[in-house]
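Here's the letter readout for the chains.
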Amino acid sequence: QVQLVESGGGLVQAGGSLRLSCAASGRISTYAMGWFRQAPGKEREFVAGIAWGGGRSAYYRDSVEGRFTISRDNAKNMVYLQMNSLKPEDTAIYYCSQERMPYGLGNTQRGFGSWGQGTQVSVSS
């Protein structure tokens with residue numbers, strides 16, 4: 001099973017930016033990858049997903065569309081989440097994930113099965 005390690009979280013003021021990184025222990029090129037988040041007292045929710053291969057297709061939850069960008073570097077087995085115009089409601093632990101089956105699109109939460117330990121993102125008002 002792939003091991004995923006997130007980094008890049010921190011404390012930022014509203015309107016600021018952060019870039020999260022996810023390092024995978026194995027090859028990711030044939031798998032869709034994604035980012036999820038979980039705020040205190042809430043369920044984990046899908047944030048963004050990117051299709052396998054070159055990642056031509058990416059998907060976002062409505063509340064982050066236009067502010068967040070997911071990308072991947074298959075040569076480095078890395079996935080990124082660029083977060084701009086951050087809002088206090090973006091505060092959560094952010095998790096990197098890989099779909100269970102290869103050659104997916106990464107557009108639905110139920111397809112994901114491997115998780116990292118998470119990185120905390122806190123946005124102050």
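Predicted model, so just to flag it, every value in this text is computed and none were measured.

Draft legend 1. Region of the structure containing the state of the cysteines. Tallied over the entire structure, the rule returns 1 disulfide. Here cysteine 22 pairs with cysteine 96 through a disulfide, and the sulfurs are 2.1 Å apart. Between cysteine 22 and cysteine 96 the sulfur-sulfur dihedral comes to about -80°; the bridge is accordingly left-handed. Within this pair, whereas cysteine 22 is found in strand β3 (residues 18-24), its partner cysteine 96 is found in strand β9 (residues 92-99), the two being separated by 74 residues in sequence.

Draft legend 2. Region of the structure containing the side chain of arginine 72. By the element assignment, arginine 72 lies in strand β7 (residues 68-73). Put simply, arginine 72 is tucked away with no salt bridge, and the nearest opposite charge, on aspartate 73, sits 8.4 Å away. A distance of 2.9 Å separates a polar side-chain atom of arginine 72 from the backbone oxygen of tyrosine 31. A polar atom in the side chain of arginine 72 sits 2.8 Å from the backbone oxygen of alanine 51.

Draft legend 3. View of the packing of aromatic side chains. Counting across every chain of the model gives 5 aromatic pairs. Taken together, a centroid distance of 6.4 Å and an interplanar angle of 45° make the contact between phenylalanine 46 and phenylalanine 112 tilted. Taken together, the residues phenylalanine 46 in strand β5 (residues 45-50) and phenylalanine 112 in strand β10 (residues 112-115) connect sequence positions 66 residues apart. Judged by centre distance (4.8 Å) and plane angle (85°), the rings of tryptophan 52 and tyrosine 103 are edge-to-face. On the criterion of sequence distance, the pair formed by tryptophan 52 in the loop between β5 and β6 (58-60) and tyrosine 103 in the loop between β9 and β10 is long-range, its members being 51 residues apart. Here tyrosine 103 falls in the exposed class, since its relative accessible area comes to 53%. Put simply, the rings of Phe36, Phe46, Phe112 and Trp115 pair up and form one aromatic cluster. The ring of tyrosine 80 has arginine 19 lying over it, and the distance from NZ or CZ to the ring centre is 4.0 Å.

About the thresholds
Residue numbers run consecutively from 1 along every chain, following the written order of its sequence. Restriction of local features to residues with pLDDT of at least 70 applies here, the model being predicted, together with a cutoff of 80 or more for giving and counting side-chain atom pairs; totals for whole chains, interfaces and linings are based on all residues. Hydrogens and water are ignored here; the side-chain numbers use all heavy atoms of the structure. Here, a disulfide means two cysteine sulfur atoms that sit within 2.5 Å of each other. In this description a helix means any DSSP run of H or I spanning at least four residues, a strand means any run of E spanning at least two, and both kinds are numbered starting from the N terminus. Relative accessible area decides the class of each residue, using a 1.4 Å probe on protein chains only: under 20% of the type maximum gives buried, over 50% gives exposed, and in between gives partly exposed. When charges are counted, neither His nor the chain ends are considered; positive counts come from Lys and Arg and negative counts from Asp and Glu. Take a side-chain nitrogen of Lys or Arg and a carboxyl oxygen of Asp or Glu: if they are within 4 Å of each other, that pair is a salt bridge. Within 3.5 Å is the distance limit for a polar contact, defined as a pair of N or O atoms, with the added protein rule that one can donate a hydrogen and the other accept it, and that residues adjacent in sequence qualify only through two side-chain atoms. Planes of paired rings set the category: under 30 degrees apart is stacked, over 60 is edge-to-face and the rest tilted, where pairs are Phe, Tyr or Trp rings (Trp by its six-membered ring) whose centres lie within 6.5 Å. To sit over a ring, a charge needs its Lys NZ or Arg CZ within 6 Å of the ring centre and within 35 degrees of the ring normal.

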